[in-house]
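Summary of the model geometry
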Amino acid sequence: MIKEAYYICERELRHFIRMKIQIISSIVTPIVWLVFFGYSMNIMSSGLGGINTLSVLIGGERSFFLYFLISSLKLTPLQSLVIQNYLGISYLDFFYSGVIGVTVMFACVFSGLSIIWDKRFGFFNKLLVSPIPRFSIMLGKTMYAMIRGIIQGAIILGLSFLIGARIRTGIVGVALALIFMLLLSLGFGAFSMSLGIKLADQEALFGIVNMITLPLFISSGAFMPVESMPSWLQVIAYGNPLTYLVDALRLCLLGGSYSALGLPFSLMDVAPRLIRDLVALSAFTGTFLIIGTILFRGSVK
Amino acid sequence: MSIIEVRDLKKVYNGNVVALKGISFDVERGEIFGFLGPNGAGKTTTVHILCTLITPTSGSATVCGFDVVKEPDEVRKRIGFVPQDISVDDDLTARENLELHAKLYHMPKDLRKRRIEEVLELVGLQERADNLVKTFSGGMRRRLEIAEGLLHNPEILFLDEPTIGLDPASRIVIWDQLKEMNKEGVTIFITTHYMDEADRLCDQVAIIDLGEIRAMGKPGELKEEVGGDVLFLVTNDSNKLLEKLLSLPFIKDAVSQDGTLRVTVKSGEKVIPLIFEEARNLGVNIEAVSLSKPTLDDVFVKYTGRSLRDEKIDKVERFKQYMLMKRRRR
Ligand SMILES: Nc1ncnc2c1ncn2[C@@H]1O[C@H](COP(=O)(O)OP(=O)(O)O)[C@@H](O)[C@H]1O
Ligand SMILES: [Mg+2]
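A few points on the structure. Note that the coordinates shown come from a computational prediction; the quantities given were computed from them, not determined experimentally.

Describing the overall build of chain B
Looking only at helices and strands, chain B features 12 helices and 14 strands. Structurally, chain B occupies a C-alpha span of about 75 × 45 × 40 Å along its principal axes. Residues counted as buried form 53% of the 330 residues belonging to chain B. Within chain B, contacts between residues separated by at least 24 positions form 70% of all contacts whose residues are at least 6 apart in sequence. By element, 49% of the accessible surface of chain B is carried by carbon and sulfur atoms, the whole surface being about 14,400 Å². Where the 49 positive side-chain charges of chain B centre and where its 54 negative ones centre are 4 Å apart.

Considerations on the sheet that holds strand β9 (residues 204-209) of chain B
Residues and elements named next belong to chain B. With respect to topology, six strands assemble into an open sheet ordered β6-β7-β8-β3-β9-β10, the strand pairing being mixed. Edge positions in the sheet fall to β6 (79-82) and β10 (212-217), since each of these pairs with one other strand and no more. Between one strand axis and the next, the sheet turns by 15 degrees as a mean value, whatever way the strands run. Its contacts with the sheet place helix α6 (residues 168-183) against β3 (32-36), β7 (156-160) and β8 (187-192), and it is angled at close to 155 degrees to β8. Docked against the sheet, helix α11 (residues 296-304) engages β3, β9 and β10, running at close to 40 degrees with respect to β9.

Some points on the site of ligand 1
Residues and elements named next belong to chain B. The environment of ligand 1 is made up of Tyr 13, Asn 14, Val 17, Ala 19, Pro 38, Asn 39, Gly 40, Ala 41, Gly 42, Lys 43, Thr 44 and Thr 45. At a separation of 3.1 Å, an oxygen atom of ligand 1 approaches a polar backbone atom of Ala 41. Between ligand 1 and Gly 42 there is a distance of 3.0 Å, counted from an oxygen atom to a backbone nitrogen or oxygen. Contact with the protein chains covers 64% of the free accessible surface of ligand 1, which is 560 Å². Among the secondary structure elements, those contributing two or more residues to the shell around ligand 1 are β2 (17-27) and α1 (43-50). Sort the elements by how many residues they give to the shell around ligand 1 and α1 lands first, with three residues. Partitioned by chemical class, the residues of the shell around ligand 1 number five nonpolar, six polar and one charged.

What to know about the pairing of β3(B)
Every other side chain in a regular strand lies on the same face of the sheet, so the side chains alternate between the two faces. Residue and element names in this part refer to chain B. Within β3, five of the five residues are buried, leaving the element largely enclosed by the surrounding structure. Burial along β3 is two-sided: Ile 32, Gly 34 and Leu 36 facing one way and Phe 33 and Phe 35 facing the other are all buried. In terms of strand pairing, β3 meets β8 through five bridges, oriented parallel. When the bridges of β8 are listed, Gly 34 appears paired with Ile 190. Pairing analysis gives four bridges linking β3 to β9, with the strands arranged parallel. Across the sheet, the residue bridging to Phe 35 is Ala 206, located in β9.

What about the environment of B:Val119?
Residue and element names in this part refer to chain B. Topologically, Val 119 is positioned in helix α4 (residues 109-122). Owing to a relative accessible area of 1%, Val 119 belongs among the buried residues under this scheme. With 127 residues separating them in the primary sequence, Val 119 and Leu 246 have C-alpha atoms 55 Å apart. Beyond its immediate chain neighbours, meaning those up to four positions away, Val 119 contacts Leu 98, Ala 147, Leu 150 and Leu 151.

Focus on the packing of helix α9 (residues 238-246) of chain B against helix α10 (residues 268-282) of chain B
Residues and elements named next belong to chain B. Look at α9 against α10: their axes get within 10 Å of each other, and the N-to-C directions meet at 125 degrees. When the interaxial angle is binned, α9 and α10 end up oblique. Helix-helix and strand crossings are classified by hand; for α9 and α10 the assignment is right-handed. Residue-level contacts link Lys 240, Leu 241, Lys 244 and Leu 245 of α9 to Ile 275, Glu 278, Ala 279 and Leu 282 of α10. For the contact of α9 with α10, the per-class residue count stands at five nonpolar, no polar and three charged.

Focus: the sheet that holds strand β5 (residues 66-67) of chain B
Residue and element names in this part refer to chain B. Strand order in this open sheet of four strands is β2-β1-β4-β5, and the pairing throughout is antiparallel. Taken across any chain shown, the strands that pair with only one partner, and hence form the sheet edges, are β2 and β5. As judged from the two bridges shared by strand β4 (residues 58-63) and β5, these two strands associate in the antiparallel manner. Directly across from Val 63, in β5, lies its bridge partner Phe 66. This element, α1, spans β1 (4-13), β2 and β4 of the sheet and lies at about 60 degrees to β2.

Some words on the coordination of the magnesium ion (ligand 2)
Residues and elements named next belong to chain B. Within the protein, the magnesium ion (ligand 2) binds to Thr 44 (OG1) and Gln 84 (OE1); these donor distances fall in the range 1.9 to 2.1 Å. Here Thr 44 is found in helix α1, whereas its partner Gln 84 is found in the loop between β6 and α3 (94-104), with 40 residues between them in sequence. Overall, Thr 44 belongs to the partly exposed group, its relative accessible area being 24%.

Some thoughts on the interface of chain A and chain B
The interface of chain A with chain B comprises 22 residues on the first partner and 32 residues on the second. When the buried surface of chain A facing chain B is broken down by residue, A:Phe121, A:Lys126 and A:Val129 rank first, second and third, together holding 29% of it. Along the contact surface separating chain A from chain B lie six salt bridges. Notably, a salt bridge pairs A:Lys126 with B:Glu148, separated by 2.9 Å at the nearest N-O pair. Summed over the shared surface of chain A and chain B, the result is 11 residue pairs in polar contact (both at pLDDT 80 or more). Contributions of two or more residues to the side of chain A that touches chain B are made by α1 (2-18), α5 (113-120) and α6 (123-129) of chain A. The element contributing the most residues to the side of chain A that touches chain B is α1(A), with seven residues. Considered class by class, the residues forming the side of chain A that touches chain B number nine nonpolar, four polar and nine charged.

About the criteria used
- Residues numbered from 1 in each chain as written.
- Chains lettered and ligands numbered in written order.
- Predicted model: local features only at pLDDT ≥ 70, side-chain atom pairs only at ≥ 80, totals over all residues.
- Heavy atoms only, no water.
- Helix = DSSP H or I, 4+ residues; strand = E, 2+ residues; numbered from the N terminus.
- Buried < 20%, exposed > 50% of the residue type's maximum accessible area, 1.4 Å probe, protein only.
- Contact = heavy atoms within 4.5 Å.
- Areas by Shrake-Rupley, 256 points an atom, 1.4 Å probe, with all protein chains shown as cover.
- Lys, Arg positive; Asp, Glu negative; His and termini not counted.
- Charge placed at Lys NZ, Arg CZ, Asp CG, Glu CD.
- Pairing = 2+ DSSP bridges.
- Axes fitted to C-alpha atoms, helices over the stretch in contact; angles between N-to-C directions.
- Near = heavy atom within 4 Å.
- Polar contact = N/O pair within 3.5 Å; in protein donor to acceptor, adjacent residues only side chain to side chain.
- Nonpolar A, V, L, I, M, F, W, Y, C, P; charged D, E, K, R; others polar.
- Parallel < 35°, antiparallel > 145°, perpendicular 65-115°, else oblique.
- Left-handed = near helix turned anticlockwise from the far one by under 90°.
- Donors = N, O, S within 2.8 Å, 3.2 Å for Na, K, Ca; no water.
- Buried area = accessible area lost by both parts, 1.4 Å probe.
- Salt bridge = Lys/Arg side-chain N within 4 Å of Asp/Glu carboxyl O.

It is worth stressing that arrangement in space is one thing and function is another; only the former is reported here.
What follows is the structure in structure tokens.
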């Protein structure tokens, strides 16, 4: 079963490497975000100041993360610069985890299209006529979504680092971050497969996915801390799997930054909140793996 | 035991579309069996049931001795399937398509390599093996599709309208290749709505219309049933010859039309020399002769009251639209 799934996955990977434009855009888009948003926010906060959405990360006593809007503290530009430098966290540092999360999401949410294509053009029937376990088809395609998600996520992580974003935890944090990316890639892959199995044409999948990705993106805390959102948006944020990925990535990659305040925080200290994120992401991924499996088994006899 | 045994097979889609009304037939090992019928006759439905893609509403079918509903995996290992709509992967090369297929059939690596070369040669695609399928013509895609169907050495190959929309030259290439593989021992089950295809290719033909088999037999026998061959003779003394011909046992019927003799016989080729001999004995000079053979379309008309030809334009049009759609892919 795993072997056959791998063959199916291999085909999808071949497709992917042939889609040059898609590869380029999947890397360029996040970089544009990082540079335009990440840097411009930095400049504004340190030089000009007064940007409302500017935020810094400060470790609190109770919750490990307390996000402050600098404007709400009515700090002068100079003060905000001082605090930022003192904490050592720029907007870029805050933002890049969000960009990775969003990249992972977009890498996976369209993977169900391939099932629709295959059904439409008869390739699916050919797979069904061959003596492979039926489920390996779904498994292989989900595997592909997962691989693509983690590769694109890792590339953006590397590039963020190159353009000046800081990783404050080291290798263990990075490894943990990759595991979280993998988990949600699998979830979004299974989610997209579920749609692909049910829908008959690709426009429908495009429509549905486009409709939901924007709210997921905005409410995920990629741009601004969830804590600084209006409460109605926070409700959405906490029901959004991407929120937990972005949060987990920040914890994994910046977890150690609290020690900059002289506080004894490290990866170990953020563990409870990481576990919360892990549970939330596992629940999402597990649910859609089950839904996808049921739908798939129902659609092929 | 026959390689395919179908008994009273019925298929009803969505509770109201009756695609098969209960058909029965056998296919013998080693033969080329043709399923001839117009659009909507139930050909694809039959192939899909035999290839374990859909389940029948009632009745039974065995392929290679295994029940298609109860032991689909055993059936799958032994069959090759060439679907009606071309389904090779456009974004892979021909070789990559075959590689993937071979892997799905668990062929070991060395066998895989050898067999891929063999089938590429059989369908004449060696030179294009490493090109993307995107760049292939319709005929080449079909041939690749057939190569794929054959790759894992199936006992029987199912082909659903394999020459639909192809130009005459490409069709003949495919017929030759199918005959070649049949000689190597592969049983072939082919559906078509081209009567000449069924006629030239098949050992055994079943004529299907509106979910029912209307006639079955060797193409030659089926055509004989419609009446036989017709000879047209131009002579210098048609009345004298006509009189003689009517007395001969191998002449079914003969009439004179505007001085031309219209003679119905069982087998034209065999009878022509005999008629020439009779004419010479009578001193009658035959100036011209032509032979007109009945087609499977005549058989189709006899059993269904309609002609197969009416369907053609529709199908070609559908194929064109399909190819357009396929190009827009990705
Ligand atoms: N999936 C389906 N759902 C409903 N009706 C179908 C389906 N597939 C085929 N049919 C109907 O069954 C009949 C036989 O179709 P088909 O087997 O495709 O014929 P052919 O291959 O000879 O053209 C047609 O009337 C067709 O409309
Ligand atoms: Mg058909």
